[in-house]
Amino acid sequence: MKLSGLKSYLSKPSRAVIASLILTAMAVLLMFVFKPVFPEKTAIYAPQSPVGSLDVGPGESITVKFKSFTVFDSLSVSLFPDSPSMTYDAKVNKLDDEDYVLTMTNTGDDVLKVMLEAPKIYGAIEQQEGGGTVDIAVYKKGSPGSNIFAFVTLFTALFVFFTSFAYLTDNLTPSKFYLIGAVTLGLGVYPILFPAWCSHDADAHFQAAYRFSNFLLGKGGGWTARQCDVDFFRGSWKNFVFEGGYRPDPSNEMYLPTVLNNKMFVSADKTAMVTSDGGDYAYMVFYSIFNYLPLSAGMALGRLINLSPMYMIHLARYIQGALFVFLTWRAIKRVKSENVQYLLTFVSLFPMSLAYLTAFSYDGAVLTYVICGIAMLFCFAEDEEFWKKGNIIESLIWFFLIGSVKGGAYVIMIPMVFMLLRKPLKDKKNLLPVLFTVAAFTGLVFSDVLLKPRGEELFQLKGGADFYETSFAYKHPFSYLVMCVSTLFAFSGEIITDSAGRSEGWNEAVIPGIIIVLMIAGMYLAVFASKKVMKVTKTQAVSFILACVLLLLCAPAMLLKDTPLDYSLIMGVQGRYFRPMVPLVVMLFAGLAELIAKKLEKKSIEQISSKAGIIKGTGLILFAATSVASVIAMLSLYLGR
């Protein structure tokens, strides 16, 4: 039975519900097939470089006091690798709600050398005779994996059911598809899979957002915080996540701070303002409040009602996510052309986009503001009635924000506004792209000049003694051009797949490249086969190409400061930097496909048009299926380690 025939047969809601339930059951079954084996024990602490040592003779004991995340039980101490020549006795005693003492007794006949790694309770025990080094770690029996798996499976099942039902009843519009995916996956799956500390540079963004929450609460812009938040950041975030011997990507260990810090409110004695660790991230003063406003507002609200650090973080993340979902949904809904609607929808539903929707990062704000700005441009281009004062003012705000976030890096995409140019050039409406350009650069000047600390140079422009500086790009343009182009070609595959989300967390490749390629293919099929199409004019094509070229050439320049002088390629180039230009690239390819179609015989064009529904349906199904496959790939890796 053909796809269109199946939809017709299942057009009645009752039949569509049954089919949707079957598809949902299949998806859930697939998730259980790839369900990882959860570890029997999850390490609370793991070894790292020792900083001190102590000899423990036969029959002697040592005790080490340490802070726990919260009251937890079923602690055990494991010795690995298991050595029959090494014997010891260890137990953990709880002193109060926060303090524990680990006691280790040498029950063997040889002197042991215990190398302590303060302030932690793990270490490496070395036999003085016989050689060999073994490590100990404190474990919690079991893992949080089963709970994580259950919630992720639930939200993924909801995504499959509602998407299937809307599609089978011919109600799956681009805006509805986005809303279903953003709510079930973006606000459901991804915040669970990715704790706050599992986003790139999240520790620095947390401190920056917290500083602005101080400002919103009238407590100044200094690096101070509640005592409970300082304790949480130092103990659960900094000491455990960054100094605990793990990579800060999702794993059973990385879920522990969330699971173990489940107290909702804190007592008044824990809310006194003290000096925080934010001073270690003083360079974050170069980023404006517009990067973090939803996060900072959520943190301020959480602090007002005395939420615990973990619940304050959750509230901030969901306030940001809900706001960005609403703004993106509104932008998609306002565009008239179906191909542009689908394009903005798919880009906003990429795994990378969903991961940053609720992350402590400026990337969520960057994509949302760029998507809203692009949507407004297309609205002006395709609808003469859209040229109203209110819409112009709103667009000026979006372009001001584009210039204000991420150090104003995306003003280099400003040539896209000239898609609105028309003949003759004296037409008053040609002032609009000029106004948008002025708004973007006003945002840049406001954030990077007026708000910049006096006497300070932007840290993005600096380079160490043995590293390039950003000035190399304009002082040696030809050498930089060769270096830049070589880098883009060398990492082209990674850049393309990473722009959609092959690498997540702290740039860990987790989603197979073939899944991302199929996802991009699904996006292109649906955009290409859309019915109400906005055609790309020559002026628009030139403006899109210029914006993309500028981004490709200028974005790597900001990474020169991290590139050693003896390197021929620029270090640290990531696909997420180029995600905002994806809509422009796809529109260019769609325009190219249209030119090719015009050269085909009329009969061939009619055959393609007659199958447009099937092509678009295939694209939607492919994108939805690969979205589920991406979740399964992440679950299998994260919960199995």
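Residues numbered from 1 in each chain as written. Predicted model: local features only at pLDDT ≥ 70, side-chain atom pairs only at ≥ 80, totals over all residues. Heavy atoms only, no water.

Some words on the environment of L29
Link 1 in the chain: Mapped onto the elements of the fold, L29 is located in helix α2 (residues 13–33).
Link 2 in the chain: Of the residues examined, L29 reaches a relative accessible area of 56% and is grouped as exposed.
Link 3 in the chain: Separated by 124 residues in sequence, L29 and T153 place their C-alpha atoms 9.9 Å apart. (Helix = DSSP H or I, 4+ residues; strand = E, 2+ residues; numbered from the N terminus. Buried < 20%, exposed > 50% of the residue type's maximum accessible area, 1.4 Å probe, protein only.)

Concerning the nonpolar core
Link 1 in the chain: Counting residues in each nonpolar core, the largest one holds 157 residues, and the members touching the most others are W237, F360, F399 and M523.
Link 2 in the chain: Apart from the residues within four sequence positions on either side, M523 is in contact with L343, F346, V347, F350, V582, V586 and F623. (Core = buried A, V, L, I, M, F, W, Y, C linked by side-chain atoms within 4.5 Å. Contact = heavy atoms within 4.5 Å.)

Remarks on empty space enclosed by the protein
Link 1 in the chain: Counted by the stated rule, this structure contains six cavities of 30 Å³ or more.
Link 2 in the chain: Estimates place the volume of the largest cavity at around 100 Å³.
Link 3 in the chain: Lining the largest cavity are 13 residues, and of these T328, S353, L357, L367 and T368 sit closest to its centre.
Link 4 in the chain: Among the elements of the structure, α9 (309–334), α11 (351–357) and α12 (363–382) are those that each provide at least two residues to the lining of the largest cavity.
Link 5 in the chain: Of the residues forming the lining of the largest cavity, the biggest block, five residues, is contributed by α12.
Link 6 in the chain: Within the lining of the largest cavity, the residues separate by chemical class into six nonpolar, five polar and two charged. (1 Å grid on protein atoms, 1.4 Å probe; cavity = no way out; pocket = protein on both sides within 12 Å on 5 of 7 lines; lining within 4 Å. Points joined across faces, edges and corners; volume = space filled by probe spheres on them. Nonpolar A, V, L, I, M, F, W, Y, C, P; charged D, E, K, R; others polar.)

Describing the packing of helix α17 (residues 492–500) against helix α18 (residues 513–528)
Link 1 in the chain: Where α17 meets α18, the axes come as close as 9 Å, and the angle between the chain directions of the two elements is 70°. As the angle between them shows, α17 and α18 are arranged roughly perpendicular. Crossing angle aside, the handedness with which α17 passes α18 is left-handed. The segment α17 lies against α18, with I496, T497 and A500 engaging G513, I516, V517 and I520.
Link 2 in the chain: Considering only residue class, the contact of α17 with α18 consists of five nonpolar, two polar and no charged. (Axes fitted to C-alpha atoms, helices over the stretch in contact; angles between N-to-C directions. Parallel < 35°, antiparallel > 145°, perpendicular 65-115°, else oblique. Left-handed = near helix turned anticlockwise from the far one by under 90°.)

Things to note about the environment of G145
Link 1 in the chain: Residue position: G145 is located in helix α3 (residues 145–168).
Link 2 in the chain: With residues up to four places along the chain from it excluded, the contact list for G145 reads F38, N252 and L639.

Some points on unusual backbone geometry
Link 1 in the chain: Even without a glycine there, the phi angle at D170 is positive, about 60°.
Link 2 in the chain: Residue D170 is classed as exposed on the basis of its relative accessible area of 52%.
Link 3 in the chain: Of note in the backbone geometry, D201 takes a positive phi value of approximately 60° without being a glycine.
Link 4 in the chain: Note that D201 resides in the loop between α4 (174–193) and α5 (202–216).

Section: the state of the cysteines
Link 1 in the chain: Summed over all chains, the structure comprises zero disulfides.
Link 2 in the chain: Free cysteine C554: the closest other cysteine sulfur is in C484, separated by 8.3 Å. (Disulfide = S-S within 2.5 Å.)

Examining the pattern of salt bridges
Link 1 in the chain: Within the structure shown, the criterion is met by 12 salt bridges.
Link 2 in the chain: Put simply, R226 and D229 hold a salt bridge, and the shortest N to O gap is 2.7 Å.
Link 3 in the chain: For R226, a relative accessible area of 2% gives the class buried.
Link 4 in the chain: Relative accessible area serves as the criterion here: at 2%, D229 is assigned to the buried category.
Link 5 in the chain: The partner of E508 in a salt bridge is R641, and the shortest N-O contact between them spans 2.7 Å. Of this pair, E508 sits in strand β13 (residues 508–509) while R641 sits in the segment after α22 (612–638), placing them 133 residues apart in sequence. (Salt bridge = Lys/Arg side-chain N within 4 Å of Asp/Glu carboxyl O.)

Quick look at the packing of helix α6 (residues 227–242) against α9
Link 1 in the chain: Where α6 meets α9, the closest approach of the two axes is 9 Å, and the angle between their N-to-C directions is 90°. Overall, the two elements α6 and α9 adopt an arrangement that is roughly perpendicular. Residues C228, D229, F232 and W237 of α6 pack against P309, M310, M312 and I313 of α9.
Link 2 in the chain: A class-by-class count of the residues in the contact of α6 with α9 yields seven nonpolar, no polar and one charged.

Focus on the packing of aromatic side chains
Link 1 in the chain: Taken as a whole and judged by the stated rule, the model has 34 aromatic pairs.
Link 2 in the chain: Between F177 and F623, the aromatic rings sit 6.2 Å apart at their centres with planes inclined by 75°, giving edge-to-face as the arrangement. One end of the pair, F177, is in helix α4; the other, F623, is in helix α22, and 446 residues separate them in sequence.
Link 3 in the chain: A residue is classified by how much of its surface remains accessible, and F177, at 0% relative accessible area, is buried.
Link 4 in the chain: Relative to F446, the ring of F400 has its centre 6.0 Å away and its plane inclined at 50°; by these criteria the two rings are tilted. Of this pair, F400 sits in helix α13 (residues 389–404) while F446 is found in helix α14 (residues 431–450), placing the two residues 46 residues apart along the sequence.
Link 5 in the chain: Look at F400 and you get partly exposed, because its relative accessible area is 21%.
Link 6 in the chain: Given a relative accessible area of 30%, F446 falls into the partly exposed group.
Link 7 in the chain: Cluster of aromatic residues (ring-pair linked, three or more members): W197, F206, Y210, F232, F233, W237, Y281 and F360.
Link 8 in the chain: In this structure, R211 is placed above the aromatic ring of W223, and the distance from its NZ or CZ to the ring centre is 5.5 Å. (Phe/Tyr/Trp six-rings, centres within 6.5 Å; stacked < 30°, edge-to-face > 60°. Lys NZ or Arg CZ within 6 Å of the ring centre and 35° of its normal.)

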